[in-house]
Amino acid sequence: VAQFKFAQQNSKNRNKKLPSNIRPYSIPYSRPVSRYHIMPVQSHKLSTLTLPWPTDWEAEFGTVGQNRPLIIEIGFGYGQMLFHLAAQFTHANIIGVELGVRPLEAVERRLLRENIENVRVMYGHAETLLCHMIHPASVQQIHITFPDPWFKSGHSHKRVMKRLTVDAVASRLVPGGTFYLATDIDAYAEMSHELLAATPTLRNQFQTPCAARIDNR
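From a predicted model like this one, the values you see are computed outputs, not experimental measurements.

With six of seven residues buried, strand β5 (residues 139-145) lies mostly within the body of the structure. Sheet topology places strand β2 (residues 70-74) next to β5; four bridges connect them, and they run parallel. Each residue of the ladder has a partner; that of E73, found in β5, is H143. Where β5 meets strand β6 (residues 173-183), six bridges bridge the pair, whose relative direction is parallel. Counterpart to I144 in the pairing with β6 is L181.

Structure, rendered in structure tokens:
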């Protein structure tokens, strides 16, 4: 398993607005569901289609004025990492974004069953969440764990690790905030390292491109 840990750093060139190559609505966004992809009915009813752009996350969590750190997991699947984060960072507001209907429903049910109040899960694309629903320089941690590699060349645009997403991640992290990535595919790790190393506002926290293990993960 290759794990990456990059931290946001202060930079004279750092712009708290979206990177210049990102324009509103030029990114993938959640479209009305088709007959083959039915969006689940959740108790919180959170999705990129139902929440305002940008979203007042403190109001959504009911923590206005508490200045809680914000943590995001992109593509949480059945929630192993998401629930770990919820238990480890009880003082934080944690957002999970997922496109898979079945895992989203399963995690939603578990959140309700276990009465976990510091997590909100939503349906939608990561790029939409980051670029339109999250304020710049407002996120303490962003996690991506074992993303789909989309091996076929015609599917490469579907990869979550691409220049658009990495630039959005960098612009949304607070100075000193951290981006974590884990993958068990060597080619994906190499591709991701090249992207991250070419992002001037992110700094590798390891002496090597990646590590086999990160404490508390």
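Per-residue pLDDT for the chain averages 83, and the proportion of residues at 70 or more is 80%. The low-confidence segment residues 12-44 (pLDDT under 50) makes 69 contacts with residues lying over four places distant or belonging to another chain.

By secondary structure assignment, the location of S171 is in helix α5 (residues 163-172). Within the structure, the side chain of S171 is placed 3.1 Å from the side chain of R172, a separation counted as a polar contact.

It is the contact of helix α4 (residues 126-133) with α5, at a shortest axis distance of 10 Å, that shows an interaxial angle of 40°. On the basis of the axis angle, α4 is oblique to α5. Crossing geometry of α4 relative to α5 is assigned as left-handed. From α4, E127, L130 and C131 reach across to α5, where they touch L164, T165, A168, V169 and R172. Split into classes, the residues belonging to the contact of α4 with α5 amount to five nonpolar, one polar and two charged.

How each quantity is defined
Residues numbered from 1 in each chain as written. Predicted model: local features only at pLDDT ≥ 70, side-chain atom pairs only at ≥ 80, totals over all residues. Heavy atoms only, no water. Buried < 20%, exposed > 50% of the residue type's maximum accessible area, 1.4 Å probe, protein only. Helix = DSSP H or I, 4+ residues; strand = E, 2+ residues; numbered from the N terminus. Pairing = 2+ DSSP bridges. pLDDT = per-residue confidence, 0-100. Contact = heavy atoms within 4.5 Å. Polar contact = N/O pair within 3.5 Å; in protein donor to acceptor, adjacent residues only side chain to side chain. Axes fitted to C-alpha atoms, helices over the stretch in contact; angles between N-to-C directions. Parallel < 35°, antiparallel > 145°, perpendicular 65-115°, else oblique. Left-handed = near helix turned anticlockwise from the far one by under 90°. Nonpolar A, V, L, I, M, F, W, Y, C, P; charged D, E, K, R; others polar.

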